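Fold and geometry: a report
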Amino acid sequence: MRKHLILLTLGFFTGSVFAQANDPVVMKVNGKDVKKSEFEYLYKKNNTGIALDEYVELFKNFKLKVAEAETQGIDTTASFVKELKDNRDQLAKQYLHEPEIDEAMVINEYNRLKEDVELSHIALPIKLDKVPGPNGNEELYPSSQLLPSDTLAAYKKAIQYRNRLLKGEKIEKIAAELEKSYKMPNTPPTYMGWMSAMMLLPSLEDAIYSTKAGSVSMPVRFNSIYLIFQVLNKRPSSGEINASHIMVACPPDADTIQVEDAKKKADDIYKRVTSGEDFASLAKELSDDKGSGQQGGELGWFGTGRMVKEFETMAFSLKQKGDIGTPVRSQFGFHIIKLNDVRAMEPYDQKKNQIVNLLMRGGKNNELQKPGIDELKKKFNYTRNEQTWKELCAVADSYFPMDSIFADKAATITGVLCSISNKPYKTGEFLEYMKLTRAPYVLSSDIMEDRYNAYVLDILKKEENNHLEDEYPEFKNLMKEYRDGFLSYEVTQNEVWEKAPKDTVGLTAYFNANKEKYSWEQPRYKGLVVLCKDSKTKKNASKAIKKMEPDVAARFLLKEFNNDSVKLVKVEKGLFQQGNNPFVDEVAFKGKKAEKNKDFPEFFATGKILKNGPESYTDVGGLVISDYQNYLEQEWLKRLREKYPVVVYEDVLKTID
């Protein structure tokens, strides 16, 4: 019932009838104004043909209940506050939107997808730290904490390496030279092969796609290293293919015998699939790639650069659907590849969301959402105190933001950092925010800028959320409706709905005073019908309950004559009218003989006939309880009308359609 009522309060009314100006008071309840917009909203939403004057009385009752709930403090309970907040958060999702994105950035990324690039690269550490090696010797690794001053010398050195490449020096020679001076975990090979957009971080793509084929990119920083890309070639995108494979595992360091055995097995499988055996079945049975093997070998859709070079070369060389390539060896083993389908690049509308998600994950979220963020900044009168910001950044230029010494130094800067909606935000609040979030970038100045942008956007979104009631009148009315509806429900539940069923004295008095409402023309049989497994059970059962009340007798029979393994009786208790039960008809109303139940062939009935009506309210409990609830509610409302003054402004009511 409760869920049903709450759903009703959350129905969506889309009519724009709530002009904020000229919104007169239509009613006062306990001194609180009810505006015309609120009353009109609810009247039009809930109007099912009821006249205005009738609805006014219902609305008064509703507001009186709300006033009583507030007096009782229901609106301040933790459960109410949480439920109201949770509901507001859910409803707000319909009104809050991610800031508008820069469509040009997304289109630019899509256009990049139309072109594949062939790459080699070298990596130059910006700063090296000494780290204990596996044999106790110190080794040099790229530092994980960088200040802006660390980058200058490394950048100049990266330019020197770039110039050597431009003069024709082999990139493999320079890469080998660099690798002698430091250790880098999981260093990728110098030659990267063919790649497409959306495979590398957007900042790296910018460097690659702005470089002509046959040339060398400017150094681009990625965390603690500078990368230089040699763009070997460019070509139109090869699109995507859907392929399956069967793999015979063979590690890179396998000896000659292992390689020969793996190749022979792969050749045998190739002969079987090209002779007509089902590729998917053989993949499930024989492939050492168990993940794809369970899917019949299918790898799904992929484009350039997603697979190892040898695999990709063979896969993209297949031209017709169903073509199967000869076994090809990669670092994982031998592959028998089947082409399932090919497709050109998807249209922009289908690819857009994927591109947006990639740019967001790649650290471009502030740049991508700049139009929307700028709009929010303007809307909420955002300003930054540049002097305070420079002081913070100066500390970050000398101390890494994740170090405790940075926190100590920055804590001395106590000025206002920015202002949003004319509310000042000091540096201390920003520094606390930084502690709660992990820094995704290594360079200290990048960390500061990234965290500050995230901090400001977080405040702007909260500010937008806090102003929804001001900006969207329908949201304001929905929240008001939900709040008051919940309060009305809770207080009525406490004062009426839960109270009535427990008030046996009141129910009895109400029933005795209103017996005529529950009389009937046809007699009823009040008692039990007991179906028995056999005559012995019938005899024992009827004797056992001879002096018991029906409720007690029913519980006794079910407990004493039935258990998990054996059931000797079936019991039905109630008020039976003629025609309701064939066994009652036979015994009480002298009807025809009832057809026996094959599992419980014996029966007896115990009870009495009530000719004119029920003996007590329990005979018609549900109906009496409902009527008694209505009675209690009306009496309660009378007291509320005496307790809380209500003033209705008839001149305003007349303006409501």
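Reading guide: rules and limits
- Per chain, residue numbering runs from 1 following the sequence as it is written.
- The model is predicted, so local features are restricted to residues of pLDDT at least 70 and side-chain atom pairs to those at 80 or more, both for listing and for counting; the totals for chains, interfaces and linings are taken over all residues.
- To get the side-chain values, take all heavy atoms of the structure and skip hydrogens and water.
- In this description a helix means any DSSP run of H or I spanning at least four residues, a strand means any run of E spanning at least two, and both kinds are numbered starting from the N terminus.
- Radius of gyration here uses only the C-alpha atoms, and the compact-globule reference equals 2.2 Å multiplied by the residue count raised to the power 0.38.
- Using a 1.4 Å probe on the protein chains alone, a residue whose accessible area is under 20% of its type maximum counts as buried, one over 50% counts as exposed, and one in between counts as partly exposed.
- When checking whether two residues touch, look at their non-hydrogen atoms; a contact exists if any pair is within 4.5 Å.
- In this tally, Asp and Glu contribute negative charge and Lys and Arg positive charge; neither His nor the terminal groups of the chain are included.
- Taken as the charge centre is NZ of Lys, CZ of Arg, CG of Asp or CD of Glu, depending on the residue.
- Axis geometry follows a simple rule: fit a line to the C-alpha atoms, using only the stretch in contact for helices, then measure angles between N-to-C directions, giving values from 0 to 180 degrees.
- Should an angle fall under 35 degrees it is called roughly parallel, over 145 degrees roughly antiparallel, and 65 to 115 degrees roughly perpendicular, with every other angle called oblique.
- Working definition: a ring pair exists when centres of Phe, Tyr or Trp rings (six-membered ring for Trp) sit within 6.5 Å. Plane angles under 30 degrees give stacked, over 60 give edge-to-face, the rest tilted.
- Only Lys NZ and Arg CZ are tested; either one counts as a charge over a ring when it is within 6 Å of the ring centre and within 35 degrees of the ring normal.
- Paired strands are those between which DSSP finds at least two bridges.

1. A word on the overall build of the protein
Looking only at helices and strands, the protein has 27 helices and 20 strands in total. For the protein, the C-alpha radius of gyration of 40 Å lies well beyond 26 Å, the compact-globule estimate for 657 residues. Principal axes of the C-alpha set define a box for the protein whose edges measure 115 × 75 × 55 Å. Put simply, the protein has 657 residues, and 42% of those count as buried. Expressed as a percentage of contacts within the protein between residues at least 6 apart in sequence, the contacts between residues at least 24 apart total 72%. The protein carries 97 positive and 98 negative side-chain charges, and their two centres are separated by 4 Å.

2. A short note on the packing of helix α17 (residues 427–436) against helix α18 (residues 444–466)
Put simply, α17 and α18 touch, their axes get as near as 10 Å, and they point 105° apart. Accordingly, the angle class assigned to the pair α17 and α18 is roughly perpendicular. Side by side, α17 and α18 meet where Glu429, Phe430, Tyr433 and Met434 of the first sit next to Ile447, Met448, Arg451, Tyr452, Ala454, Tyr455 and Asp458 of the second.

3. Thoughts on the packing of aromatic side chains
Scanning the entire structure with this criterion turns up 25 aromatic pairs. An angle of 50° between the planes, with centres 5.2 Å apart, marks the rings of tyrosine 43 and tyrosine 55 as tilted. Of this pair, tyrosine 43 sits in helix α2 (residues 36–46) while tyrosine 55 is found in helix α3 (residues 52–72), placing the two residues 12 residues apart along the sequence. Like tyrosine 43, the residue tyrosine 55 is buried in the burial classification. Aromatic pair tryptophan 389 and tyrosine 452: ring centres 4.8 Å apart, planes at 40°, arrangement tilted. Of this pair, tryptophan 389 sits in helix α15 (residues 386–398) while tyrosine 452 is found in helix α18, placing the two residues 63 residues apart along the sequence. Considered together, tryptophan 389 and tyrosine 452 belong to a single accessibility category, that of buried residues. Taken together, the aromatic side chains of Phe39, Tyr43, Tyr55, Phe59 and Phe62 make up a single cluster linked through ring pairs. The ring centre of tryptophan 301 lies 4.1 Å from the NZ or CZ of arginine 343, which sits over that ring. Above the ring of phenylalanine 600, the side-chain terminus of lysine 533 is found at 5.1 Å from the ring centroid.

4. What to know about the sheet that holds strand β10 (residues 240–249)
Strands sit in the order β11-β10-β13-β12 across an open sheet of four strands; the sheet is antiparallel. Single-partner strands in this sheet number two, and they are β11 (298–302) and β12 (328–329). As paired strands, β12 and strand β13 (residues 333–343) are joined by two bridges and run antiparallel to one another. If you follow arginine 329 over to β13, its bridge partner there is phenylalanine 334. On the sheet, helix α10 (residues 279–286) packs against β10 and β13 and is oriented at approximately 40° with respect to β10.

5. Things to note about the environment of phenylalanine 400
Its place among the elements puts phenylalanine 400 in the loop between α15 and α16 (404–410). As a C-alpha pair, phenylalanine 400 and leucine 146 span 254 residues in sequence and 7.1 Å in three-dimensional space. Apart from residues no more than four positions distant in its own chain, phenylalanine 400 is found in contact with Ser144, Gln145, Leu146, Leu147, Phe406, Val442, Ser444 and Ile447.

6. Examining the pairing of β13
Taken together, the 10 bridges between β10 and β13 define a ladder with antiparallel strand orientation. If you follow isoleucine 241 over to β13, its bridge partner there is valine 342. Hairpin connection between β12 and β13: a loop of three residues separates the two successive antiparallel strands.

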